[in-house]
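Each chain, letter by letter, is given below.
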Amino acid sequence: MKRVQDFNVVGYNWLNKDNYIITLSSDSDIENIDPGNFAEIKVPNSPDVFLRRPISVLDVDHGENTIKFYIKAMGKGTRQLGNLDVDSKVNIVYPLGNSFSIIHRKKVLIVGGGSGIAPFIMLASKLIDVSTEVTFLIGARSKGDVFLTDEFNKFGKVLVTTEDGSMGEKGLVTQHSIFAGNMDFDHIYTCGPDPMMKAVAQIAHEKNIPCEASLENMMACGIGACLCCVTPTVRGNECVCTEGPVFNSKDLKW
Amino acid sequence: MVNLNVNIAGLNLKNPVTTASGTFGFGEEFEDFIDLNRLGGIFVKGLTLKNREGNDYPRMAETPSGMLNAVGLQNKGIDYFLNTIYPKIKKWDTEIFPNINGSVVEDYIAVAEKLNDVEGIHGLELNISCPNVKEGGMAFGVSCPSAMAVTRAVREVYDKIIIVKLSPNVTDITEIAKGVESAGADAVSLVNTLLGMAIDAHTRKPVLSTITGGLSGPAIKPVALRMVWQVYNAVKIPIVGIGGIMNATDAIEFMLAGSSAIQVGTANFIDPQISIKIIDGIKEYCSNNGIANVADLTGALIT
């Protein structure tokens, strides 16, 4: 069930000057969260940030009542969220949106770029639980922009592409050699910038592999009330916040 | 004990707090967060005769103390509402007000006719002020003759309460208010969004797919408050005040300016529980100030 809940800042793990993981804790139980779900976070002490910020959940610990978000500081809101005192209060609305499907006993490829990698730790953890073999493919501009690979390594093989060739194969994710020839994956999951997801979905269609893409449209309410975050689908315009963020890529008319 | 009941053209609301069309879906979206039975009323998402896909994305831009939207009346049409949505939401002990829209007068008439015999729906909001559709919408609300014509046409086919939602994008809102009053409106709600625009200086492009959109939130509150006050002094029919209400104090200000009830809009996006907090806050204000009937606040501005 969706709810509004106050959390306290436990601390930060800065990955570089623009990317961080924020850990929040609550006195009360945390709702069940599925891989791909997101939260609408109210940015504290920031009167010029009017709306909440929709952020994918990175991880949740029901024993410790903690929740983690991986955030890329891109604007005023996400920068201010990275600048809070320990113990300060953060109000979130969650869990929102749908989630990735969990495919049992198969081989899957997870393709992520930028902050789009956030939901993939929880996703991989669930997939491993049902005996699915996971391969990650992470795309970034440069070596310094590749994050969380240690975490991903716990669940499966990690492949990397960088645009400058400083890590992994040089080029865009879709130029990775894994896409050449036959691919023996049963399912592809992708989250990241739209052009990357479109290119991944295109390859998936060509190779007849089901593909799920998690969209990052701008949102206001996050609960399907304002109809601002829509994406065109075969069924018409649909809210990314409630019908998504995860869509079967064949349903998207992008 | 504070009596929170208010009266809109003969219809009793259990309290003056309702939710604004386009900001509260059909109510169901908020079911996890609040007890919908506590609301004075729900003005549901704008309805048209036929399915509308609305405008292209991007439809939203955050602005200082507010936001622009350009949704463009996306909805599945009046029949879908009546057959699929209304049966699910009529269980709530609150007044449901459909918000109706059209491109031509005949569309408004057709939608109003379908609503006239629906048991449990005691009034509708006639939207002549949507700034985000190419034809119709606001075009009706910015000219007195067309505002009167559409009100008169719907009056002829609709027997229950008609609340006409007014546009702030006019030179003199009192002229339009007086016009729709004489054309048979039972009440007016104001204001709809203010026409605005956002530009991305880096890309040199408009932020919204439609270039212009409707501004809402606290940024428009002083304008809305002024218009409520002007209309209160110009017409005899009740006013439902709207425009950047974020808390109980804002709501009380709108009542003092002349509103009999208020709509909470954009604030629902930031706090899905805000409508209930506003009801509690109004009650507390009345208790603290020795006000026995919240209705006594309407127009009680001391000048």
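All figures in this text were calculated on a predicted structure; none of them were measured in a lab.

## Observations regarding the overall build of chain B
Consideration 1: The helix and strand tally for chain B stands at nine helices and 17 strands.
Consideration 2: The dimensions of chain B, computed from C-alpha atoms along their principal axes, are 55 × 50 × 40 Å.
Consideration 3: For chain B, contacts bridging at least 24 residues in sequence account for 72% of all contacts bridging at least 6.
Consideration 4: As presented, chain B carries roughly 11,500 Å² of accessible surface, and 52% of it is formed by carbon and sulfur atoms.
Consideration 5: Across chain B, the mean location of the 24 positive side-chain charges is 3 Å away from that of the 31 negative side-chain charges.

## Focus: the overall build of chain A
Consideration 1: Broken down by element type, chain A carries four helices and 15 strands.
Consideration 2: For 254 residues, the compact-globule estimate of 2.2 N^0.38 gives 18 Å, and chain A sits close to it at 18 Å.
Consideration 3: Taking all 254 residues of chain A together, the buried fraction comes to 57%.
Consideration 4: Put simply, 62% of the contacts in chain A that link residues at least 6 apart link residues at least 24 apart.
Consideration 5: Total accessible area on chain A is roughly 10,600 Å²; 45% of this is exposed by carbon and sulfur atoms.
Consideration 6: Positive and negative side-chain charges in chain A, numbering 25 and 30 respectively, have mean positions lying 4 Å apart.

## A look at the domain arrangement of chain A
All names here are of chain A.
Consideration 1: Here chain A is partitioned into domain 1 (3-96) and domain 2 (107-251).
Consideration 2: Considering only the side of domain 1, the residues that lose the most area to domain 2 are P35, L58 and Y70, jointly responsible for 32% of the buried surface there.
Consideration 3: Seen at the junction of domain 1 and domain 2, the total is zero salt bridges.
Consideration 4: Taken together, domain 1 and domain 2 are joined by one residue pair in polar contact (both at pLDDT 80 or more).
Consideration 5: Broken down by secondary-structure element, the contributors of at least two residues to the side of domain 1 that touches domain 2 are β2 (19-25), β3 (38-41), β4 (53-61) and β5 (66-72).
Consideration 6: Residue contributions to the side of domain 1 that touches domain 2 peak at six residues, all from β4.
Consideration 7: The class makeup of the residues in the side of domain 1 that touches domain 2 is twelve nonpolar, four polar and four charged.

## As for the sheet that holds strand β15 (residues 212-216) of chain B
Residues and elements named next belong to chain B.
Consideration 1: Spatial ordering of the open sheet is given by β5-β6-β15-β12, a layout of four strands whose pairing is antiparallel. The sheet terminates laterally at β5 (60-63) and β12 (194-197), the two strands that pair on one side only. Across the sheet, the mean angle separating the axes of adjacent strands is 40 degrees when strand polarity is ignored.
Consideration 2: Note that strand β6 (residues 66-69) and β15 share three bridges and pair antiparallel. Considered in β15, the bridge of L68 is made with L215.

## Some details on the sheet that holds strand β8 (residues 133-140) of chain A
Residue and element names in this part refer to chain A.
Consideration 1: Judged by pairing direction, the sheet is mixed, and its seven strands sit side by side in the order β10-β9-β8-β7-β11-β12-β15 without closing on themselves. Where the open sheet ends on each side, the last strands, each with one partner, are β10 (169-170) and β15 (246-248).
Consideration 2: Sheet topology note: the strand β12 (residues 211-214)/β15 ladder contains three bridges and is antiparallel. When the bridges of β15 are listed, S214 appears paired with V246.
Consideration 3: In this fold helix α2 (residues 120-129) packs onto β7 (107-113), β8 and β11 (187-191), with an angle of close to 175 degrees to the strand it touches most, β7.
Consideration 4: Across the face of the sheet, helix α4 (residues 194-206) comes into contact with β7, β11 and β12 while running at roughly 170 degrees to β11.

## Quick word on the nonpolar core
Consideration 1: Judged by nonpolar contacts, the single largest core of 142 residues is most densely connected at F81, L115, I128, L166, L190 and I282 of chain B.
Consideration 2: There are two domains that each give this core at least three residues, and those are domain 1 (3-96) and domain 2 (107-251) of chain A.
Consideration 3: Ignoring sequence-local partners within four residues, the contact set of L115 of chain B consists of I78, F81, L82, P98, I100, I121, L124, Y158 and K160 of chain B.
Consideration 4: If you look at the next biggest cluster of nonpolar residues, it comprises 27 residues, including Y70, V146, L148 and V160 of chain A.

## Re the interface of chain A and chain B
Consideration 1: Of the residues lining the interface, 26 residues belong to chain A; the matching set on chain B comes to 33 residues.
Consideration 2: In total, chain A and chain B occlude about 2,500 Å² of area from one another, counting both sides; carbon and sulfur atoms represent 63% of this.
Consideration 3: With a closest N to O distance of 2.7 Å, E62 of chain B and R53 of chain A form a salt bridge.
Consideration 4: Remark: the boundary between chain A and chain B carries nine residue pairs in polar contact (both at pLDDT 80 or more).
Consideration 5: Among the elements of the structure, β1 (3-14) and β14 (236-239) of chain A are those that each provide at least two residues to the side of chain A that touches chain B.

## Comments concerning unusual backbone geometry
Consideration 1: P245 of chain A follows G244 of chain A through a cis peptide bond whose omega is 10 degrees.
Consideration 2: Position of P245 of chain A among the secondary structure elements: in the loop between β14 and β15.
Consideration 3: Positive phi, normally seen in glycine, also occurs at N65 of chain A, with a value near 55 degrees.
Consideration 4: Relative to the helices and strands, N65 of chain A is located in the loop between β4 and β5.
Consideration 5: The phi dihedral of L73 of chain B is positive, around 60 degrees, even though this residue is not glycine.
Consideration 6: Within the element layout of this structure, L73 of chain B appears in the loop between β6 and α1 (78-89).

## Describing the pairing of β14 of chain A
Residue and element names in this part refer to chain A.
Consideration 1: When strand β13 (residues 230-233) meets β14, the two strands line up antiparallel, connected through four bridges. What sits directly across from T233, in β14, is G236.
Consideration 2: Two successive antiparallel strands, β13 and β14, enclose a turn made up of two residues.

## Side note on the environment of S182 of chain B
Consideration 1: Turning to its location among the elements, S182 of chain B is positioned in helix α5 (residues 173-182).
Consideration 2: S182 of chain B sits 134 residues away from T48 of chain B along the chain, and the two C-alpha atoms are 25 Å apart.

## Focus: the pairing of β12 of chain B
Residues and elements named next belong to chain B.
Consideration 1: Alternating positions in β12 separate cleanly, L194 and G196 being buried on one face and L195 and M197 remaining unburied on the opposite face.
Consideration 2: Looking at chain direction, β12 and β15 are connected through four bridges and run antiparallel. Considered in β15, the bridge of L195 is made with G214.

So, how was this worked out
- Residues numbered from 1 in each chain as written.
- Chains lettered and ligands numbered in written order.
- Predicted model: local features only at pLDDT ≥ 70, side-chain atom pairs only at ≥ 80, totals over all residues.
- Heavy atoms only, no water.
- Helix = DSSP H or I, 4+ residues; strand = E, 2+ residues; numbered from the N terminus.
- Contact = heavy atoms within 4.5 Å.
- Areas by Shrake-Rupley, 256 points an atom, 1.4 Å probe, with all protein chains shown as cover.
- Lys, Arg positive; Asp, Glu negative; His and termini not counted.
- Charge placed at Lys NZ, Arg CZ, Asp CG, Glu CD.
- Rg over C-alpha atoms; globule rule 2.2 N^0.38 Å.
- Buried < 20%, exposed > 50% of the residue type's maximum accessible area, 1.4 Å probe, protein only.
- Domains from an automatic or database assignment.
- Buried area = accessible area lost by both parts, 1.4 Å probe.
- Salt bridge = Lys/Arg side-chain N within 4 Å of Asp/Glu carboxyl O.
- Polar contact = N/O pair within 3.5 Å; in protein donor to acceptor, adjacent residues only side chain to side chain.
- Nonpolar A, V, L, I, M, F, W, Y, C, P; charged D, E, K, R; others polar.
- Pairing = 2+ DSSP bridges.
- Axes fitted to C-alpha atoms, helices over the stretch in contact; angles between N-to-C directions.
- Core = buried A, V, L, I, M, F, W, Y, C linked by side-chain atoms within 4.5 Å.

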